[in-house]
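# Inside the fold
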Amino acid sequence: MNDFNTQIERLNTHSVKWDHTKEIFGKEDLLPMWVADMDFKAPQEVIDAMKARLDHGVFGYSKATEETNETVKHWLNTRHNWEIESDWIVYTPGVVPAISAAINTYTEPGDGVLIQSPVYYPFGDMVRKNGRKLYKNSLLYHNGNYEMDFNDLENQFKNDDIKLMLLCNPHNPVGRVWQAEELEKLAELCITYDVLLFSDDIHFDLIYKRYKHTLISTLSNEIQNRTITGIAPSKTFNLAGLQFSTIIIPNERLRNRFNTYLAKIGFFSPGSMGIIAAEAAYQHGAEWLDGLMDYLDENLTYLKRFISEKLPEIKVIEPEGTYLVWLDCKKLDMDHKKLEAFMQDEAKIAFDEGYIFGEEGEGFERINIACPLATLKEGMNRLERAIRKYKMEKS
């Protein structure tokens with residue numbers, strides 16, 4: 001049983017989150033509550049499996065096996081009610097590289113690729129850096145809730161040269177877990193206007209008990225046949241550094257094209273540690289995950305209560321999934337650059353700034369609550385002190 005309260009020293013571990021603060025933010029005295037990895041140890045069964053592999057001592061070329069496929073299939077079937085075939089599975093070093101591969105496989109330079117902003121910023125980066133035209137179907141924000149704008153989406157599908165859409169489910173950073181009814185509408189539009197869909201479901205195991213995640217490919221054979229789904233144990237079990245992701249492509253023609261592109265760029269197989277860790281996590285990690293979600297729920301409850309009682313200027317957009325929480329800070333009445341400077345220079349916290357997720361995110365901050373409660377409390381206390389000082393100086 002993991003003790004999620006234990007504070008683990010992460011300095012000097014090549015951690016992007018903890019070791020590269022000065023390089024990324026220009027300052028060293030910040031509490032890192034930004035990038036999407038957790039400050040928790042992976043399940044002990046994963047650690048033990050990796051130790052056994054280390055003890056073997058030979059680290060030649062590796063390849064995922066049918067046992068790897070079976071562990072992924074069993075996880076998807078038991079946790080997400082999706083029965084897939086081994087042939088549908090492709091392994092990549094990450095979901096973002098797979099998005100880049102999909103853009104290069106299924107579109108040509110100048111073709112349109114659509115995202116739903118504010119959204120995980122590598123989506124837009126991959127579209128632009130691969131020379132495609134970026135289209136935005138901005139989410140509708142009303143009274144602290146986010147919805148898809150289906151009217152705008154259909155108009156863009158109808159009138160623009162959009163070949164591929166990138167879906168984020170659960171949505172990062174706003175935390176929505178799209179309901180089956182919403183996904184059905186989206187699927188219908190993709191089918192009607194012949195748009196391929198890449199569904200990034202990497203946070204799909206991190207769902208709060210009040211909600212239910214739906215994989216869009218489970219809705220019908222028609223949408224399954226035009227969807228590429230990206231999942232990974234990285235967010236679920238804190239294994240991001242091992243670079244192992246599963247891309248599920250039921251359509252044989254689409255899958256063959258994707259594999260051809262991977263061969264073109266010289267990608268063969270994930271490394272041995274990623275394979276071993278993924279197998280152990282999917283075979284033995286369910287109890288750990290259940291405990292994690294209980295802990296995250298407690299952290300979320302603390303965060304909401306603290307902000308409600310002590311920081312009324314900030315509004316928590318309650319997440320339905322993920323360990324990332326979207327904070328509406330517009331009542332602080334700062335532009336996004338001033339807000340960024342305030343959080344770093346006054347509060348001494350490194351958040352993910354809302355504007356990096358698109359202009360729709362200006363005035364927001366994204367906080368990572370996958371940390372021991374003591375760390376979260378420290379962050380909130382820093383924020384309260386800074387805002388109290390700001391209000392006194394302003395009055």
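Owing to the predicted nature of the structure, the values given are computational and were not obtained by experimental measurement.

All right, on to the pattern of salt bridges then. With the rule as written, the count across this model stands at 24 salt bridges. The closest approach of N and O atoms between Asp-345 and Lys-27, which form a salt bridge, is 3.5 Å. With Asp-345 in helix H14 (residues 336-346) and Lys-27 in the loop between helix H2 (21-25) and strand E1 (31-32), this residue pair connects regions lying 318 residues apart in the sequence. Lys-27 sits in the partly exposed class, given a relative accessible area of 22%. Between Asp-111 and Lys-163 there is a salt bridge; the shortest N-O distance is 3.9 Å. Of the two residues, Asp-111 is situated in the loop between helix H5 (95-106) and strand E3 (112-115) and Lys-163 in strand E7 (residues 162-168); the sequence distance between them amounts to 52 residues. Since its relative accessible area comes to 12%, Asp-111 is described here as buried. Taken together, the salt bridges that share partners define one network made up of Arg-10, Lys-17, Asp-37 and Asp-39.

As enumerated under the stated definition, the model contains zero disulfides in all. With no disulfide of its own, Cys-190 has Cys-168 as its nearest cysteine by sulfur position, at a separation of 15 Å. Classification of Cys-190 by relative accessible area gives buried; the value is 0%. Sulfur of Cys-371: no disulfide; nearest cysteine sulfur belongs to Cys-329 and is 17 Å away.

Let us look at the UniProt feature "domain: Aminotransferase class I/classII large" (unreviewed entry) in the protein. The positions UniProt marks with the feature "domain: Aminotransferase class I/classII large" (unreviewed entry) are residues 37-383. Here residues 37-383 runs as 44% helix and 16% strand, with 21 Å between its end C-alpha atoms.

Further remarks concern the sheet that holds strand E10 (residues 245-248). Taken together, the seven strands give an open sheet; going across it, the order is E2-E10-E9-E8-E7-E3-E4, and neighbouring strands pair in mixed fashion. Each having just a single partner strand, strand E2 (89-92) and strand E4 (133-136) make up the two edges of the open sheet. Between one strand and the next, the sheet's axes are offset by a mean angle of 25°, whatever the strand orientation. Summarising the sheet, E2 and E10 pair through four bridges and their orientation is antiparallel. Within the sheet, the bridge partner assigned to Ile-89 lies in E10 and is Ile-248.

Turning to the environment of Thr-21, a few remarks are in order. With respect to the secondary-structure elements, Thr-21 resides in helix H2. The exposure class assigned to Thr-21 is buried, which follows from its relative accessible area of 7%. When the C-alpha atoms of Thr-21 and Phe-268 are compared, they prove to be 33 Å apart, with 247 residues separating the residues in sequence. Setting aside its immediate chain neighbours within four residues, Thr-21 contacts Gly-26, Lys-27, Glu-28 and Leu-30.

The rules behind these values
Residues numbered from 1 in each chain as written. Predicted model: local features only at pLDDT ≥ 70, side-chain atom pairs only at ≥ 80, totals over all residues. Heavy atoms only, no water. Salt bridge = Lys/Arg side-chain N within 4 Å of Asp/Glu carboxyl O. Helix = DSSP H or I, 4+ residues; strand = E, 2+ residues; numbered from the N terminus. Buried < 20%, exposed > 50% of the residue type's maximum accessible area, 1.4 Å probe, protein only. Disulfide = S-S within 2.5 Å. UniProt positions renumbered as here; feature names shortened; annotations may be inferred. Pairing = 2+ DSSP bridges. Axes fitted to C-alpha atoms, helices over the stretch in contact; angles between N-to-C directions. Contact = heavy atoms within 4.5 Å.

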